[in-house]
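# Architecture and fold: a report
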Amino acid sequence: MTLTELKYIVAVARERHFGRGAEACHVSQPTLSVAIKKLEEELQVKLFERNANEITVTPLGEEIVRQAQSVLEQADSIREIAKRGKDPLAGSLRLGVIYTIGPYLLPDLVRQIIERTPQMPLMLQENFTARLLEELRTGEIDCAILAEPFPDTNLAIAPLYDEPFMAAVPSSHALAARTSVTAEELKKETLLLLGTGHCFRDHVLEVCPEFARFSSSAEGISKSFEGSSLETIKHMVAAGMGITLVPRLGVPKEALNPPAAAKKDKSAQPPSFITYLPFEGHVPTRRVVLAWRRSFTRYEAIAALRNAIYACELPGVLRLS
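Now for a description of the structure that goes with this document.

Let us now look at the side chain of Asp142. Its place among the elements puts Asp142 in the loop between helix 6 (129–138) and strand 5 (143–147). Asp142 sits in the buried class, given a relative accessible area of 5%. Separated by 2.7 Å, the side chains of Asp142 and Arg94 make a polar contact. Once residues lying within four places of it in the same chain are set aside, the contact partners of Asp142 are Ser92, Leu93, Arg94, Leu136, Trp292, Arg293 and Phe296.

A word on the nonpolar core. Ranked by size, the top nonpolar core spans 73 residues in total, and within it Leu95, Leu109, Ile145, Leu146, Tyr161, Leu290 and Leu305 carry the most contacts. When residues of this core are assigned to their parent elements, the largest contribution, 9 residues, is made by strand 6 (residues 156–170). Those residues within four positions of Leu95 in sequence are excluded, and the remaining contacts are Leu109, Leu122, Met123, Leu124, Gln125, Cys143, Ala144, Ile145, Leu290 and Leu305. Membership of the second largest hydrophobic core comes to 21 residues, among which are Tyr8, Ala22, Leu32 and Phe48.

With an omega dihedral of 5°, the bond running from Glu148 to Pro149 counts as a cis peptide bond. Summarising the element assignment, Pro149 is placed in the loop between strand 5 and strand 6. Here the phi dihedral of Gln44 falls at roughly 60°; this positive angle occurs in a residue that is not glycine. As for its placement among the helices and strands, Gln44 is situated in the loop between helix 3 (29–43) and strand 1 (48–50). The phi torsion at Leu314 lies on the positive side, around 50°, for a residue other than glycine.

Right, let's talk about the pairing of strand 4 (residues 122–127) for a bit. For strand 3 (residues 93–98) and strand 4, the ladder comprises 6 bridges, and the chain directions are parallel. Looking at strand 4, one finds that Val97 is bridged to Glu126. Traced from strand 3 through helix 5 (residues 102–116) to strand 4, the parallel crossover comes out right-handed.

Time to look at the environment of Val71. The residue Val71 is located in helix 4 (residues 59–86) in this model. Here Val71 falls in the partly exposed class, since its relative accessible area comes to 31%. A sequence separation of 68 residues divides Val71 from Leu3, and the C-alpha atoms of the two residues are 8.1 Å apart. For Val71, the residues in contact, after removing those within four places along its chain, are Leu3 and Leu6.

Further remarks concern the packing of aromatic side chains. This model, assessed by the stated rule, comprises 2 aromatic pairs. Here the aromatic rings of Phe18 and Phe48 are separated by 6.0 Å at their centres, their planes lie at 75°, and the arrangement is edge-to-face. With Phe18 in helix 2 (residues 18–25) and Phe48 in strand 1, this residue pair connects regions lying 30 residues apart in the sequence. For Phe18, a relative accessible area of 9% gives the class buried. Geometrically, the ring pair formed by Tyr99 and Phe128 is edge-to-face, given 5.1 Å between the ring centres and 75° between the ring planes. Remark: Phe128 occurs in the loop between strand 4 and helix 6 and Tyr99 occurs in the loop between strand 3 and helix 5; sequence separation between them is 29 residues. Overall, Tyr99 belongs to the partly exposed group, its relative accessible area being 32%. Phe128 gets classed as partly exposed once you look at its relative accessible area, which sits at 31%.

Parameters at a glance
- Residues numbered from 1 in each chain as written.
- Predicted model: local features only at pLDDT ≥ 70, side-chain atom pairs only at ≥ 80, totals over all residues.
- Heavy atoms only, no water.
- Helix = DSSP H or I, 4+ residues; strand = E, 2+ residues; numbered from the N terminus.
- Buried < 20%, exposed > 50% of the residue type's maximum accessible area, 1.4 Å probe, protein only.
- Polar contact = N/O pair within 3.5 Å; in protein donor to acceptor, adjacent residues only side chain to side chain.
- Contact = heavy atoms within 4.5 Å.
- Core = buried A, V, L, I, M, F, W, Y, C linked by side-chain atoms within 4.5 Å.
- Pairing = 2+ DSSP bridges.
- Right-handed = clockwise from strand over helix to strand, strands pointing away.
- Phe/Tyr/Trp six-rings, centres within 6.5 Å; stacked < 30°, edge-to-face > 60°.

Shown next, in the form of structure tokens:
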């Protein structure tokens, strides 16, 4: 039994496909298949059910794959311990970020990491919460920036900041003349949401119960459209198709703090098609956290990442320690 063989069975279990598993391991499919068959013969157990359309893991195989993943993590820990003896921050850090945080946090975060810990480059991936949790479990990424709530997966969690939402309305809309808005006032508006799978969609429906209660009622939200990203939805708002909620970091700086010269000479300002309004009364908020496996041993890397995040501007959010 070798670490390479354990790596192969973990990859096939994750991909549910021998070809994709081989591709993930950067080997040919025959090489991977022969190695797995050899391991099955050595263990005298069947790890995978090989059907015409898909690969399934046997019940005993599931247990062996979990143990194989643990062994691989421990082997990586040995390498990390050796690296830490020279430089605790040496080597890349694999960071996952959900789609509704990445575009707004990463530009500043990457700059902070380059300035503070150039020996620890970030390998970045944007994805859905569910997929990032799975990749944390299988060791494909080291840590992830997520928004609560999400299922308890026995991860180590460090709160980063509480981020309020703001309403984005077309500048031609009657609400655009207001200085603030309530969730009650948004009930009868056309709400633009992210598609299913985006946790921000669920956050909006959770923190604004009016939306969930009236979304299917003719007396509530008249229609609901879906977009693939917050930036796409903003364009739909600008086009007058409806309103939406955005996280505070997703609000452009110039939308709230136009330059003094531009305030005096409005003809010099580019046309603004979206007005961002804070909520009055109960302010919908999401908590953003950093999550990592408890078995991950690069504590200094996690601390350095947290410090880099705290060094970012993060306007309008409540930093947590």
